[in-house]
Amino acid sequence: MALKIWLDGKLVDQEEAKISVFDHGLLYGDGVFEGIRVYNGRVFELEAHIKRLYESAKVIRLVVPMSRSKLIGAVEKTVEANAVIDGYIRLVVTRGTGTLGLNPLICENSKLFIIADNIQLYPEELYEKGMKVVSATTVRNHPLAIPPQVKSLNYLNNILAKIEALDNDVPEAIMYNHEGYVAEATGDNVFIVRDGVIYTPPAEAGSLEGITRGIVIKLAKEEGLEVVEKNLTRFDLYICDEFFLTGTAAEVIGIVEIDGRVIGDGKPGPVTRLLRKKFFEYAHGKKL
Ligand code: PXG
């Protein structure tokens, strides 16, 4: 089915949703984005995603060409126009049309578009059996380069790590920062469990401050579990009892092997399964 896309302040047919080849989003990856879920027709954590979008834009000195409240309305209208019940939203702001040169200040207007589509879910089997990962040799962007908290259109750092995963016949790779501490996966945050305590790297270790991560931390605490944010090494990942990733696309997914080391008994553990269930309930409308 042809989709309705929000572009330049209105909904247009998919075929008409076009962007210039001179857009700096394309020429330089100059822009920011958000990936948001729709559950039961409700846009999940929309305000948190909008907040992060504006923060990312501020860091790269990009003007979001709409007020927050209008943007929330535009997202909701796009979801409604495409009758999305359980789906996925891609909200993108690019620097806009410029010339063949880096200068962002001469770009006419930043461009904003919104796609709302049905989601391609991972097979259920992957959640039941758990996923294998490898450690990437590609180091996460240095915080003094583009800060890893910025959800920019330039994902080459993560894409190089993803290629390493695929070269090793696994779907995901774990990225480390310039000091060797765990940062995150290519599009997900990292959690481990050891002796009943949950550990996750702090955002300063080089990860995006995941919205799913924040919710999972809250849900875990609500279950009486201890959650500690601290730097983790490759060693910590190898010897943990449980290992899982969180993110908008994957939700909560167990990791059962890293670099040939089997985690726990080789199946997603009890804390992982509990938090996946709690997250599902929360996402589908049960309040915290
Ligand atoms: N780290 C990175 C680098 C990400 O891109 C996350 C962590 C998890 O954050 P959230 O807020 O989603 O819990 C992300 C999220 C895609 C896609 O299409 C990527 C993300 C989210 C949704 C879709 O590749 N990245």
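What counts, and at which threshold
- Residues numbered from 1 in each chain as written.
- Predicted model: local features only at pLDDT ≥ 70, side-chain atom pairs only at ≥ 80, totals over all residues.
- Heavy atoms only, no water.
- Domains from an automatic or database assignment.
- Contact = heavy atoms within 4.5 Å.
- Buried area = accessible area lost by both parts, 1.4 Å probe.
- Salt bridge = Lys/Arg side-chain N within 4 Å of Asp/Glu carboxyl O.
- Polar contact = N/O pair within 3.5 Å; in protein donor to acceptor, adjacent residues only side chain to side chain.
- Helix = DSSP H or I, 4+ residues; strand = E, 2+ residues; numbered from the N terminus.
- Core = buried A, V, L, I, M, F, W, Y, C linked by side-chain atoms within 4.5 Å.
- Buried < 20%, exposed > 50% of the residue type's maximum accessible area, 1.4 Å probe, protein only.
- Near = heavy atom within 4 Å.
- Areas by Shrake-Rupley, 256 points an atom, 1.4 Å probe, with all protein chains shown as cover.
- Nonpolar A, V, L, I, M, F, W, Y, C, P; charged D, E, K, R; others polar.

Draft legend 1. Representation of the domain arrangement of the chain. Considered domain by domain, the chain is made up of domain 1 (4–117) and domain 2 (124–284). If you average the C-alpha positions of domain 1 and of domain 2, the two centres end up 27 Å apart. In this assembly, 27 residues from domain 1 lie in contact with 21 residues from domain 2. Looking at the side of domain 1 facing domain 2, the largest losses of area belong to Phe-33, Tyr-39 and Arg-52, adding up to 32% of the total buried there. Taking the shortest distance from any N to any O, the salt bridge between Glu-251 and Arg-37 comes out at 3.5 Å. Linking domain 1 with domain 2 are 10 residue pairs in polar contact (both at pLDDT 80 or more). Those elements giving two or more residues to the side of domain 1 that touches domain 2 turn out to be helix H1 (24–28), strand S3 (31–39), helix H2 (46–59) and strand S5 (87–94).

Draft legend 2. Examining the nonpolar core more closely. Counting residues in each nonpolar core, the largest one holds 27 residues, and the members touching the most others are Val-32, Leu-71, Ile-89, Leu-91, Leu-112 and Ile-114. Non-local contacts of Leu-71, meaning those with residues more than four positions away in its chain, are made with Ile-50, Leu-53, Tyr-54, Val-64, Met-66, Leu-91, Leu-112 and Ile-114. Core analysis: the next-biggest nonpolar cluster, separate from the first, contains 23 residues, Ala-185, Val-190, Leu-237 and Cys-240 among them.

Draft legend 3. Structural context of the site of the ligand. The immediate surroundings of the ligand are formed by 17 residues, with Arg-90, Tyr-155, Glu-184, Thr-212 and Thr-248 found nearest. Side-chain polar atom of Arg-90 to an oxygen atom of the ligand: 2.7 Å apart, as the coordinates give it. Glu-184 places a polar side-chain atom, nitrogen or oxygen, 2.6 Å from a nitrogen atom of the ligand. Coverage of the ligand by the protein chains reaches 87% of its 540 Å² of free accessible surface. For the shell around the ligand, the secondary structure elements donating two or more residues are S5 and helix H6 (211–222). Residues of the shell around the ligand, tallied by class, amount to 4 nonpolar, 8 polar and 5 charged.

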